[in-house]
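Understanding the architecture of this molecule
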Amino acid sequence: MEEKNWLALMATQTQITQVLETNQYTEKYGLTLSAEDAGILAKERVNTLKQEQRIEFGPGILPKIIYTFCDSVYIVQDNYRDSLLRLQDIFFLYKNEMRDEITDDELLEFMKEQFENVCYGDFDYLEGTCLEIFAEAVRAGYSGYISSQGRGEFEQFDIVTRWDRELYMETLRDLAWR
């Protein structure tokens, strides 16, 4: 039992170190994590892995999540740690939902693209709509994301009609003439 706790402690310490090392890169975006933040992220990683019944080997996904999302216009220092916690939870949930059919990089690419361009920083919409619809397609056998590496995939599954800028401007001009 003591050996198991020692191994878990070492894994957590390694995760904390790796997360803190990302500060060297993310500080150019105005984002840094304290040792306390890194500890919370590492602890929640363990909880999420247990909840989702997953295991990780090596450095884990959190540094990749950090590097992928640190340039987001929707993530600022005030919400940085909480955003990472939410992204980590969403990532592991949808790795399971897609039955590991999609690679980590493909899932992260899809998540980032939707977060920035469709969800506009809304985690609930990312999780409950974009990823849910995409996961359903993947479970049904869709594999087009492989050739695109997860880029530009949601448009074909999106059930929400969106306005583009030109249509919006045209409509405003039409309304102004009335």
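Before any of the text, the structure's been laid out above.
Each chain has its residues counted from 1, running along the sequence as written. Only residues with pLDDT of at least 70 are given local features in this predicted model, and only at 80 or more are side-chain atom pairs given and counted; all residues enter the totals for whole chains, interfaces and linings. Only hydrogens and water are removed before side-chain values are computed, so all heavy atoms of the structure are retained for them.

Turning next to the nonpolar core. For the purposes of this section, nonpolar cores are sets of buried Ala, Val, Leu, Ile, Met, Phe, Trp, Tyr and Cys residues that join through side-chain atoms within 4.5 Å. Accessible area is worked out with a 1.4 Å probe on protein chains only. A residue is then buried under 20% of its type maximum, exposed over 50%, and partly exposed in between. The biggest cluster of nonpolar side chains holds 41 residues, and the ones touching the most others in it are Ile65, Met98, Met111 and Leu131. In this text, helices come from DSSP runs of H or I with a minimum length of four residues, and strands from runs of E with a minimum of two, each type numbered from the N-terminal end. Residue assignment for this core shows that the elements contributing at least two residues are helix H1 (2-21), helix H3 (35-51), helix H4 (62-69), helix H5 (80-97), helix H6 (104-117) and helix H7 (123-139). Examining the composition of this core, we find that 9 residues originate from one element, H5, more than from any other. Residues count as neighbours in contact if any of their non-hydrogen atoms are within 4.5 Å of one another. Setting aside anything within four residues of it in sequence, one finds Met111 in contact with Phe69, Leu87, Ile90, Phe91, Leu126 and Leu131.

Before going further, it helps to spend a moment on the state of the cysteines. Cysteine sulfur atoms that come within 2.5 Å of each other are treated as a disulfide pair. Counted according to the given criterion, the structure contains 0 disulfides. As a non-bridged cysteine, Cys119 has Cys130 as the owner of its nearest cysteine sulfur, 3.5 Å distant. The exposure class assigned to Cys119 is buried, which follows from its relative accessible area of 6%. Judged by its relative accessible area of 0%, Cys130 falls in the buried class.

This paragraph deals with the environment of Val138. Turning to its location among the elements, Val138 is positioned in helix H7. Put simply, Val138 and Met98 are 40 residues apart on the chain and 6.1 Å apart in space, counted from C-alpha to C-alpha. Those residues in contact with Val138, other than ones at most four positions away along the chain, are Met98, Glu101 and Tyr145.

Each pair of aromatic rings taken from Phe, Tyr and Trp, with Trp reduced to its six-membered ring, is defined by centres within 6.5 Å and is described as stacked if the planes are under 30 degrees apart, edge-to-face if over 60, and tilted in the remaining cases. Per the stated rule, a full pass over the model turns up 8 aromatic pairs. Ring centres of Tyr25 and Tyr67 lie 5.3 Å apart, and the angle between their planes is 70°; this geometry places the pair in the edge-to-face category. Residue Tyr25 is located in helix H2 (residues 23-26), and its partner Tyr67 is located in helix H4; the two are separated by 42 residues in the primary sequence. By relative accessible area, which is 32% here, Tyr25 ends up partly exposed. When the centroid spacing of 4.9 Å and the interplanar angle of 35° are considered together, the rings of Phe115 and Phe123 count as tilted.

With phi around 55°, Arg99 is a residue other than glycine that occupies positive phi space. Mapping Arg99 onto the fold places it in the loop between H5 and H6. Exposure remark for Arg99: the relative accessible area of 54% places this residue in the exposed category. In this structure, Tyr120 is a non-glycine residue whose phi angle is positive, near 50°. Relative to the helices and strands, Tyr120 is located in the loop between H6 and H7.

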